[in-house]
Structures are given as structure tokens and as C-alpha cells.
Amino acid sequence: MSEQSGTTQKPRSLLDRLPSLTIMGPLVALLLAVVFFSLQSERFLTGQNFSLILQQISVVAVLAIGQTLIILTAGIDLSVGFVMALGTMVMAKFAVELGMPPLVAILCGMAVTTAFGFLNGFLITRFKLPPFIVTLGTMNIAFALTQIYSRAQTVSSLPEAHLFWGNTFSLGDAVFTYGIVLMVVLYLLVWFFLSETAPGRHLYAVGNNPEAARLMGIPTQRVLLLTYTVAGFFYGIAGWLLISRTSVADPNAGQTENLETITAVVLGGTSLFGGRGVILGTLLGAIIVGVFRNGLTLTGVSSVYQVLITGILVILAVTADQLSKRRS
Amino acid sequence: MEPSANSTPFQPAPDLDPGQTTTQPRLVLEARGLVKHYGHVTALDGTDFELREGEIQAVIGDNGAGKSTLIKALSGAIIPDSGEIYLDSQRVHFRSPIDARKNGIETVYQDLAVAPAMTIAENLFLGREILRPGWFARLIRWIDKKKMLEEAIADMKDLKIGIHSMTQAVETLSGGQRQGVAVARSAAFARHVVIMDEPTAALGVKEGNMVLELIRRVRDSGLPVIIISHNMPHVFEIADRIHIQRLGKRAAVVNPKTISMSDTVAVMTGAKSAAELSPEALAL
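Everything quoted here is computed from the prediction, not taken from an experiment. (Residues numbered from 1 in each chain as written. Chains lettered and ligands numbered in written order. Predicted model: local features only at pLDDT ≥ 70, side-chain atom pairs only at ≥ 80, totals over all residues.)

S.K.: Quick question: what am I supposed to make of the overall build of chain B here?
M.R.: Check the secondary structure of chain B and you find nine helices and 10 strands. Computed over the C-alpha atoms, the radius of gyration of chain B is 20 Å, within 12% of the 19 Å expected from 2.2 N^0.38 for a compact globule of 284 residues. Counting only C-alpha atoms and orienting by the principal axes, one finds that chain B spans roughly 65 × 40 × 40 Å. Across the 284 residues in chain B, those meeting the buried criterion constitute 46%. (Helix = DSSP H or I, 4+ residues; strand = E, 2+ residues; numbered from the N terminus. Rg over C-alpha atoms; globule rule 2.2 N^0.38 Å. Buried ≥ 20, exposed ≤ 12 C-beta atoms within 10 Å, placed from the backbone.)

Structure follows, in C-alpha cells:
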């Protein structure tokens, strides 16, 4: 693949390999955690438990797809979980109270989350507002709308279609939900989009050097607007996964998931400065969070320690990111 | 390569008759009476500009002389208030740099318009990726990484700037090599003109010379080059002709082989007028 023209190859320094280090670090952390928890609890390393971890992370993981796309453009979305909660409420109430066909109600919920993504993108691109502030605002708006619309009541007795992704199939001794399959398929599709298509590469370029991207003829504002909108669509899918898992639409859902998406992205080695990262790293990040939570629960450790360890991991990951940025 | 070894495809016009037409080489890019105001400031006050085929023309001028504005007008970054621009004798109206690019004018920007985290091959094709064949690939805009890599290797081989792997991220390159990538990109896509804005400004001596050498190779491949520079030795080393911009107008076009550096600076600063120069020093 390389073009050798006589002179010796410049030795690649450690710095050149830092991007791969940012992914190797979390991988090592994950392996250590798996070994540790396997020794501590014999229930940990079983197909059944593995399936459970994947089920537990599926909502965060799908939300984090949208978050990854946005962070790759050097943005951030603080509204993720709250927008998802509003979407689930629309899906549930449109079907249960308005009597809409279940699938139409679900599509309406996804339309709402997509519209919120579009609103974020519109405010950011049209008025040049910082993503942090815009999404802080829409986070509150989405939260308030959810509470107002639901009157702070949980909606239950959902139709079959709403629970579709909770259906299961067996593989060996493990039982997997359709939701896990959907999560994996979405990750593979987004991976393909980001690495193999022109719009995917443009998204990286916009995050890496927006001015260069603009000068090379990439419509940077349109890329940003589309990214936020597509992210909103993923929040809708995550909402459907959530109600499939819990069988209810809860007005207070999505609150812990909100920051967990950023945790997953950062642990997965995606740079908060934009333009660097791989989507499969985010899945890895989500799995790390899930493994720690699950393992600590199995070994009877208070869940506070899981929060503590996640916090430390995030700071380590962000520090690695900052160091590699400073040196390059 | 020393500058005297340049094979200039034309000689400077021996006489000063502005009406001569038959001995003049073809004009690739031409501007007539460009005017541009920014509020009360007149950046361009009726500038003319002529770029001949096969030449490297340097544009120099004091701060505020309007050289950047002139270059921006030629590269589509600004729209002049009045005046005409001709590309291959056809009147053109550029509304954006993309417009100029579509017309075969490529610009290398001073601040290196590259995406550092992306590979050399990706940067070469940024914004104009090669897609795989077939309707499905077109629909999803599936890029042909293998073909882009092969073409990147072919493009960069001619430049001999010591880059080995096209899958290397641009940020792993030195400043001169990055500039080399930017130059290679323009040379690969330009059909008419390459414009370079201060291509050696941020570089050390060795790297600066490497980039000058690259610029010569671009010219020798048949593309005329416009170069803006503050570095007089570089200008004199590389330019076939020098356009001196002063007070929003073209003060003179001089021949670096027959004019002294001090006379050039004198015209640039207004200490001398073009009429005071010896006729051999002029190149219009």
C-alpha cells in the first residue's frame, strides 16, 4: 500500500500511533474488568449474563450513535435522553390514548425526536450558536414538554408493536432480544457510512477542519444540519428500544442515559475536538460501562462504585484525548 | 535546480509597444479594470492583470496595495464591484471559490486547507471523492478507496517530496510536506491556473526550497502559476514575471532577470515609477 521511493521510511513515533492507543486503552480496561469479574463471580462469564449486559446497554448504545456523529463534527448534544423520553411519550400516548395504529404512533414519536434534532441543527447552523448552549436549552424544553404532555404519569398497557424489540430468540444457552440485533445492525450500517461513503468522510472533514472542508467545496452547514437531524432519528429508535425493554413510557426516562452517551463516546476513543474516532469504539465504550455496572452488581458492590469508576475512566480517556491533541 | 536552468517557454517582450499582439504568448487569465470597495476603502482601483501560458507570475505589493483582493477576485473568493475577468478569452463570473474551481482554477491557501487527521489520499480527494461504479454505489456515494489510493500515489510520485505512504495522516507530515500535499492537490485538479497564496511563508529554508521546486514542476507540467509572496528572494528565484500592485492598481510588470531587487521594492513603495525604470526591466 505504501510508495517506497528509495529513502528510508521515517520511523513512526508513539505519537503517530496515539489514535490507536486511545482505542487500545479502553480495550485493555475492558479485558481487565472481564478477568476480574470472572474471578469474583462465576455467574459473570456466561452467555446469559453476556446477553443481559447487551440488553442493558442497547438503549444507551443506540443513543450514543447519534452522540458520536455529533461529537465527530466537534459538537455535543446534551438533549439526547430527554428528547428520547419525549419521543417515547408520543409513541405511547398516540397509540394508547388517541387510538392510532401502533406503527403510526411509533413513527410520530420518531418524527418528534427527528424534529428536535433538526431544531438543534438549525439553531446551531443558522444562528451560529454553540451546540452546548443550544442543546442545554432543548434539553430543558424536551423535559418540560414530556412532563406537561404526560402530566408526569407513566403510560402502560402498550400495544404489541411497541414491545417488538423485546422479543427474544435463543442462541446456545443465551437468549437474545431483537433489540440487540438491531443495535448491532445499526452500528454496522453507521460504520459503513462513516468509513466508506463520501458524506461520511465529509462529516469527519467538517469536524477536523471546517474551513478546509468549506474551501474544498463541502457544504459544511448542510452536513451539520443533517448530522443533528439524523442523530434525532436515532434517538427515536432508541426510544422504541426503551419502551420495548421496560413495557412502559416513563416521563422521567433518559436522564441517566443522557450523560452515559457522552461517557460511551469518550471511552470509545472519539475526540471531543471533532474529526477523530470510530463508531465501533462507542459500542466498546457502552459495553465497558455495562460490564462495570453488571459486574459490580453481581459481586455485591454498591452501585455508587460503578459511578465512581466510570467517572475515573472518562477523565482518563479525555486526558489521553487532550494529550494527543496537544502534541499533534 | 538553479533558476537560470528554467526553460522559459517564451522570452520577455523586447519592446515596450503595448499594442503588440503577434509576439505575445496566449493569455490564460486576464482581468481588466477590476474595482472593489470595502466601505470607504478602495482595495482595487481599476487593476489589470494578465497571466500568460506556461509562466509563474508573482504578485507583490505593500500591505493595502490590493494584492490579496486581486487574488481573491481571481479565485472567486470575492466578487469585484466592476471590471471583467477572462479565462482563455472567455468572460467569466465567479461567485465563489467553488465556481472558480469548476472552471479549472485551483487555489493553494496560506493556512493549508487540509484536514490533518485524515490521510493524504483522502485529503487529495476531499470534496471530489472517486465513487465506485454502479447505480447502487452512486446512490449511497460509496467511495473507491483503492482507486483513490492508486491515483494519489501516481500524483505524488511526480512531486518527489519523500512521502511514502498515502494512508498516513497529514498531521504526521512536516510543514513542507503538507504544503506539498496541497500543491499536489491543486496540480492534479487544475485545468487552467494554479494560484498560491504565500506558499513558503510558514516554512524553513530547506522546506521552502522544496516547495519552490514543486511550483516549478507544476509550471513545467503546463499549468501557469500565480504566486503571492512577501519573500523577495523567493519571488526573484521563481517568478518569470512580477506583477507589482500599488494603491489598488497595477504599477508595473517587471522581469526579475533584468531588474534589481531594490528597484522592484522602489516601485512597490512608490519611490520610483514604472516610467523611471529601464525598458529592459519591464515585462509587459
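S.K.: Quick question: what am I supposed to make of the sheet that holds strand β10 (residues 249–254) of chain B here?
M.R.: Either a parallel or an antiparallel arrangement is found when strands of a sheet pair, and the pairing is made through backbone hydrogen bonds. All names here are of chain B. A sheet is described by the order of its strands in space; here six strands give the open sequence β6-β7-β8-β3-β9-β10, paired in mixed fashion. The open sheet has two edge strands with one neighbour each: β6 (105–108) and β10. Strand-to-strand twist across the sheet, computed as the mean angle between neighbouring axes with direction ignored, equals 20°. Taken together, the five bridges between strand β3 (residues 56–61) and strand β9 (residues 241–246) define a ladder with parallel strand orientation. Along β9, the bridge assignment pairs valine 59 with histidine 243. Lying on the sheet, helix α7 (residues 205–220) is in contact with β3, β7 (193–197) and β8 (225–228); it crosses β8 at an angle near 155°. (Pairing = 2+ DSSP bridges. Axes fitted to C-alpha atoms, helices over the stretch in contact; angles between N-to-C directions. Contact = placed C-beta atoms within 7 Å.)

S.K.: Where do I start with the packing of helix α6 (residues 175–189) of chain B against α7 of chain B in this structure?
M.R.: A pair of packed helices is captured by two measures, namely the crossing angle of their axes and the spacing between those axes. Residue and element names in this part refer to chain B. The N-to-C vectors of α6 and α7 enclose an angle of 10°; their axes lie 9 Å apart at closest approach. Taken together, the axis directions place α6 and α7 in an arrangement best described as roughly parallel. Along the contact surface, α6 presents Gly175, Gly176, Gln179, Gly180, Val183 and Ala187, while α7 presents Glu207, Met210, Val211, Leu214, Ile215 and Val218. A breakdown of the residues in the contact of α6 with α7 according to their chemical character gives seven nonpolar, four polar and one charged. (Parallel < 35°, antiparallel > 145°, perpendicular 65-115°, else oblique. Nonpolar A, V, L, I, M, F, W, Y, C, P; charged D, E, K, R; others polar.)

S.K.: Sorry if this is basic, but what is going on with the nonpolar core here?
M.R.: Across soluble globular proteins, nonpolar side chains show a tendency to be buried alongside one another. Of all hydrophobic cores here, the largest spans 171 residues; its most connected members are Val62 of chain A together with Ile215 of chain B. Not counting chain neighbours up to four residues away, the residues in contact with valine 62 of chain A comprise Met183, Leu186, Phe234, Ile237, Ala238 and Leu241 of chain A. (Core = buried A, V, L, I, M, F, W, Y, C linked by C-beta atoms within 7 Å.)

S.K.: What exactly am I supposed to notice about the sheet that holds strand β5 (residues 90–92) of chain B here?
M.R.: Residue and element names in this part refer to chain B. The strand order across the open sheet formed by four strands is β2-β1-β4-β5, and the pairing between neighbours is antiparallel. Of all strands in the sheet, those with a lone pairing partner are β2 (41–52) and β5, marking the two edges. For this sheet, the mean inter-axis angle between neighbouring strands, taken without regard to orientation, is 25°. Sitting on the sheet, helix α1 (residues 67–75) is in contact with β1 (27–38), β2 and β4 (82–87), with an inclination near 120° to β1.

S.K.: Looking at this structure, I do not really get the interface of chain B and chain A. What am I missing?
M.R.: The accessible area lost on association of the parts is a frequent measure of interface size. Taken residue by residue, the interface counts 29 residues in chain B and 26 residues in chain A. Contributing elements (two or more residues each) for the side of chain B that touches chain A: α2 (97–102) and α5 (145–157) of chain B. In the side of chain B that touches chain A, the residues fall into 17 nonpolar, six polar and six charged.

S.K.: Sorry, what's going on with α7 of chain B here?
M.R.: All names here are of chain B. Taking 1.5 Å as the rise per residue, α7 with 16 residues should run 22 Å; its terminal C-alpha atoms sit 23 Å apart, in good agreement. When we look at burial in α7, the residues that qualify are Gly208, Met210, Val211, Leu212, Leu214, Ile215, Val218 and Arg219. Taken together, the buried residues of α7 touch β3, α6, β7, β8 and α8 (232–238). Following α7 by one or two positions, glycine 222 adopts a phi angle in the positive range, close to 110°. (Expected span 1.5 Å × (residues − 1).)

S.K.: Looking at this structure, how should I read helix α7 (residues 198–208) of chain A?
M.R.: For an α-helix the count is 3.6 residues per turn, leaving residues at separations of three or four pointing the same way. Counting buried positions along α7 of chain A yields nine of 11 residues, so the element is predominantly enclosed. If you check which residues of α7 of chain A are buried, you get Gly200, Arg201, His202, Leu203, Tyr204, Ala205, Val206, Gly207 and Asn208 of chain A. Buried residues along α7 of chain A sit against α2 (47–72), α6 (178–196), α8 (210–215) and α9 (220–246) of chain A together with α3 (120–124) of chain B.

S.K.: Whenever I open this one, the pairing of β6 of chain B confuses me. Can you help?
M.R.: Both faces of the sheet carry side chains from a regular strand, because those side chains alternate between them. Residues and elements named next belong to chain B. Where burial is concerned, the two faces of β6 agree: the one with Ile105 and Thr107 and the one with Glu106 and Val108 are both buried. Bridge analysis of β6 against β7 gives four bridges, and the strand direction is parallel. The residue bridging threonine 107 from the neighbouring strand is isoleucine 195, located in β7.

S.K.: How do you make sense of the environment of glycine 61 of chain B when you look at a structure like this?
M.R.: All names here are of chain B. Summarising the element assignment, glycine 61 is placed in strand β3. Between the C-alpha atoms of glycine 61 and alanine 251, which are 190 residues apart in sequence, the distance is 9.3 Å. Setting aside residues no more than four positions away along its own chain, glycine 61 makes contact with Gly66, Lys67, Ile244, Gln245, Arg246 and Met268.

S.K.: Can you help me understand the packing of α2 of chain A against helix α3 (residues 80–96) of chain A in this one?
M.R.: All names here are of chain A. Axis separation between α2 and α3 bottoms out at 10 Å; the angle between their running directions is 130°. By the criterion of interaxial angle, the relationship of α2 to α3 is oblique. Of the two possible hands of crossing, α2 and α3 adopt the one that is right-handed. Facing α2, whose interface residues are Leu63, Gly66 and Gln67, α3 presents Val80, Gly81 and Met84. The residue inventory of the contact of α2 with α3, partitioned by class, reads three nonpolar, three polar and no charged. (Left-handed = near helix turned anticlockwise from the far one by under 90°.)

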